[in-house]
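Coordinate analysis (summary)
The chain contents come next:
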Amino acid sequence: MEKYIVDNIKKTLRREFSYISAYLLATSFGITICMVDNPSFAASSSCNQRIINTSKKLQECMTIEGLVSHLKAFQEQANANKEVPETRFIGTSGYDGSRDYVVKKLTEAGYTVTLQNVPVAINYVTTPRVFEQKFPAQKVYADNIDYAPLVNSGVGDITGKVQVPSGNILGCNTDDFIGFNAGNIALVQHGGMCSGRDKVVNAVAAGAKAIIIFNSIPGIFFAALAASSPSKTTPVVFASQEVGNELKTQVQTGTLPVVHIKFDALKTFTNSQNIIADSSTGNPDHVVIAGAHLDSSAGNAGMNDNASAAATILETALLMKNTKPANKLRFAWWTGEEEGLIGSTYYISHLDAKEKAKISLYLNYEILGAPNGGRMIMGAADGVTPPGSEKIVKLYTDYFNSQNLKSYVFDPKMANAVARSDMFAFMQAGIPVGYLVSGAEVPWNPLLTAIFTDLPKRIEGLATHPCYHKLCDKLTLIEGEMKDPNFDFDLYLQMSKAAAYAIYTYSMNTNI
């Protein structure tokens, strides 16, 4: 990976790391990895050979120790990454080592594993880059502190006046930009029921020659536009809440600040891999898929986002290695989610209509152990989620109720949730979907406090996942204790058991 990537991120990365050898496996699409009868995975000795033929047995065997053993392995791969230290970013050894670890565990457990090659093009903004205020005062903003370029940003050398939309500052609708002066630089706020790409599309359509998206919470995080950037000549800055509020205040008081943005970029082309693991038994005309993305964003190890969910479905697969499902059970670890849902979109787009019709449902998992989070279930809505999704919602709510645990069903349009994770391509294909998540950048609020009376020590106003897309999204176990500032391990185990319950239930349900 080119030196500029290291230059891009190294200011925020200072920890030492050691390299560990990855288990080298085939990486070409269509190659099936041979099965070996030598299971080696993190579960108790009794669960190692136990035939999981009831959901209760699966719940008993799901342990935090088993889950954390996989998190440790993923963190080691991030530490060993010499291209982009402390990340598992797509196209680097951090991702490739994570991939090899998952495949090794699955093949040892007897699964039929296929690696699907996925072509990837990524636009990295190189260093040095410039974001500064020229008027009413000179101010140079600090790279990776006050701002960060979005991966797949356009490039250019732009100086212009900052203008906020005349409508909602979130910029989610074209009408928000009525009266926008072409040639100005648009200032919009992160969040709302749309993606960053939607905001950029609307601003570019209104004539903005650059876009500043500022955070809705303090600080910045590393973010990306979908790989198909709306304009190759339109730089997009992700600014901190503090910088954004300062610029907004100047605009609102009648002084349009002038800023200068200079971004250059180098596009890289590579191949990455989805991991697909199939059960050896089960009706091939009724396929149940459980999936999670394996990659991290640039700039962090992605331990909650999304090693937590990747570990959950891996541990579930390993515990179910001797299970004989009624339906074909397929586990999937997607590449390139952080770069625009690349892996899952590629997978669906390369299935013919007959193969798509065999997929009964898709269960998606993400960020399962957020330390300020809750038990969140994406709801179902007419015209948004495919028919059948409501049954998955009910299965999750019934499960949590049976465990005397509170849960919250959120609007699938909230924070543009439907288009932010890997269930989106399945939804567009008309396949029923379910989604569990414990948090992201959305803050904890009074509504959640009122609902989750069984979750103490939550802080209102703090992000549900405070390390979302930040360097601190890593595993830092407190020595001698099963505690970590980046995880709520009690919540993580509860969410993992709920995921395992759904996977087992639907693998055995012949009426779906």
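Look up a bit, the structure's there.
Right, let's walk through the structure included here. Not measured: the values here are computed from a predicted model.

About the thresholds
- Numbering of residues begins from 1 in every chain and follows the order in which that chain's sequence is written.
- Two thresholds apply to this predicted model, a pLDDT of at least 70 for residue-level local features and 80 or more for giving and counting side-chain atom pairs, whereas whole-chain, interface and lining totals are computed over all residues.
- Each side-chain value is derived from all of the structure's non-hydrogen atoms; neither hydrogens nor water enter the calculation.
- Numbering of helices and strands runs from the N terminus; a helix is a DSSP stretch of H or I covering at least four residues, while a strand is a stretch of E covering at least two.
- Burial classification: accessible surface area is computed with a 1.4 Å probe over protein chains only, and a residue below 20% of its type maximum counts as buried, one above 50% as exposed, and the rest as partly exposed.
- Any two residues whose heavy atoms approach within 4.5 Å at even a single point are treated as in contact.
- All accessible-area figures derive from a Shrake-Rupley calculation using a 1.4 Å probe, and residue coverage is judged against the displayed protein chains alone.
- Only strands that DSSP links by at least two bridges are regarded as paired with each other.
- By definition, disulfides here are pairs of cysteine sulfur atoms that lie within 2.5 Å.

Concerning the overall build of the protein
- Looking only at helices and strands, the protein has 14 helices and 17 strands in total.
- With the C-alpha coordinates aligned to their principal axes, the bounding extent of the protein is approximately 70 × 50 × 45 Å.
- Burial analysis of the protein (512 residues in total) assigns 58% to the buried set.
- Long-range contacts, defined here as pairs at least 24 residues apart, represent 81% of the contacts in the protein between residues at least 6 apart.
- Per element, the accessible surface of the protein, about 19,400 Å² overall, is 53% carbon and sulfur.

Observations regarding the environment of Leu170
- Tracing the backbone through its elements, the reader meets Leu170 in the loop between strand S6 (156–163) and strand S7 (185–189).
- Apart from the residues lying within four places of it in its own chain, the contact partners of Leu170 are Val188, Gln189, His190, Gly191, Gly192 and Lys199.

Overview of the pairing of strand S3 (residues 130–135)
- Looking at chain direction, S3 and strand S10 (residues 258–263) are connected through 5 bridges and run antiparallel. Opposite Phe135, over in S10, you have Val258 as the bridge partner.
- Connecting S3 to the antiparallel partner strand S4 (residues 139–140) that follows it, the hairpin turn spans 3 residues.

Observations concerning the state of the cysteines
- Taken as a whole and judged by the stated rule, the model has 3 disulfides.
- Two residues, Cys47 and Cys61, share a disulfide whose sulfurs are 1.9 Å apart. Residues Cys47 and Cys61 are joined through a disulfide that is left-handed, its torsion about the S-S bond being -85°. Of this pair, Cys47 sits in helix H2 (residues 45–48) while Cys61 sits in helix H3 (residues 55–61), and the two are 14 residues apart along the sequence. Judged on exposure class, the residue Cys47 and its partner Cys61 are both buried.
- Each sulfur in the disulfide pair Cys172 and Cys194 lies 2.1 Å from the other. Across the S-S bond linking Cys172 and Cys194, the dihedral sits near -65°, which makes this disulfide left-handed. Here the residue Cys172 occupies a position in the loop between S6 and S7, and Cys194 occupies one in the loop between S7 and helix H6 (196–205), the gap between them amounting to 22 residues.
- Relative accessible area serves as the criterion here: at 18%, Cys172 is assigned to the buried category.
- For the protein, the disulfide bridges join cysteines in the arrangement 1-2, 3-4, 5-6, where the cysteines are counted in sequence order.

The analysis is restricted to geometry; functional conclusions fall outside its scope.
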